[in-house]
Amino acid sequence: MSTETEDGDDLRERISNFLRRNFPQIQMHGGSAAIEEIDRENGSVTIQLGGACSGCGISPMTIQAIKTRMTKEIPEIETVNARTGGMGGEEGMMGADTGPSMPGESRGGEIGGDDDEGPEAPF
């Protein structure tokens, strides 16, 4: 259950600012990050990544970066739980294989012959 107080509102604001400051690419790529729950007693926060984050092949890396950086930058937070999509997966890693096909995956038929090395990285 959420433990929200006036200090909790300050913590919520700091977490929101942290996400906007450290992960603008989430929104730039059509995704969203929302705080689902903050439990000050346990030092935990649950983040829901949505929009384009659902099924994105790099969302597990984004989630790991959020977990690592947030616990270092916000001392009250010891545990970050994050998930993607509305599938209710835990820790955000569940459901990663249920998303759309990734570039370079075969959908049947010939794509470029024997010397096709796949698509170039988008970055």
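As a reminder, the structure under discussion sits directly above these lines.
Residues numbered from 1 in each chain as written. Predicted model: local features only at pLDDT ≥ 70, side-chain atom pairs only at ≥ 80, totals over all residues. Heavy atoms only, no water.

Let's talk about the packing of aromatic side chains
Argument step 1. Considering all chains together, one arrives at one aromatic pair under this definition.
Argument step 2. Residues F18 and F23 carry aromatic rings whose centres are separated by 5.9 Å and whose planes lie at 65° to one another, so their mutual orientation is edge-to-face. Taken individually, F18 and F23 each receive the classification buried, so the pair is uniform in this respect. (Phe/Tyr/Trp six-rings, centres within 6.5 Å; stacked < 30°, edge-to-face > 60°. Buried < 20%, exposed > 50% of the residue type's maximum accessible area, 1.4 Å probe, protein only.)

So, the sheet that holds strand β1 (residues 31-39)
Argument step 1. Overall, mixed pairing links the three strands, which are arranged β1-β2-β3 in an open sheet. A single partner strand is all that each edge strand has here, and the edge strands are β1 and β3 (79-84). Between one strand and the next, the sheet's axes are offset by a mean angle of 20°, whatever the strand orientation.
Argument step 2. In this structure, β1 lies alongside strand β2 (residues 44-51), joined through eight bridges in antiparallel fashion. Directly across from I35, in β2, lies its bridge partner I47.
Argument step 3. Lying on the sheet, helix α3 (residues 59-73) is in contact with β2 and β3; it crosses β3 at an angle near 160°. (Pairing = 2+ DSSP bridges. Helix = DSSP H or I, 4+ residues; strand = E, 2+ residues; numbered from the N terminus. Axes fitted to C-alpha atoms, helices over the stretch in contact; angles between N-to-C directions. Contact = heavy atoms within 4.5 Å.)

Considerations on the nonpolar core
Argument step 1. Core analysis: the biggest nonpolar cluster contains 20 residues, and I15, L19, V45, I47, I66, M70 and I77 have the highest contact counts within it.
Argument step 2. Put simply, the parts of the chain that give this core at least two residues each are α1 (6-22), β1, β2, α3 and β3. (Core = buried A, V, L, I, M, F, W, Y, C linked by side-chain atoms within 4.5 Å.)

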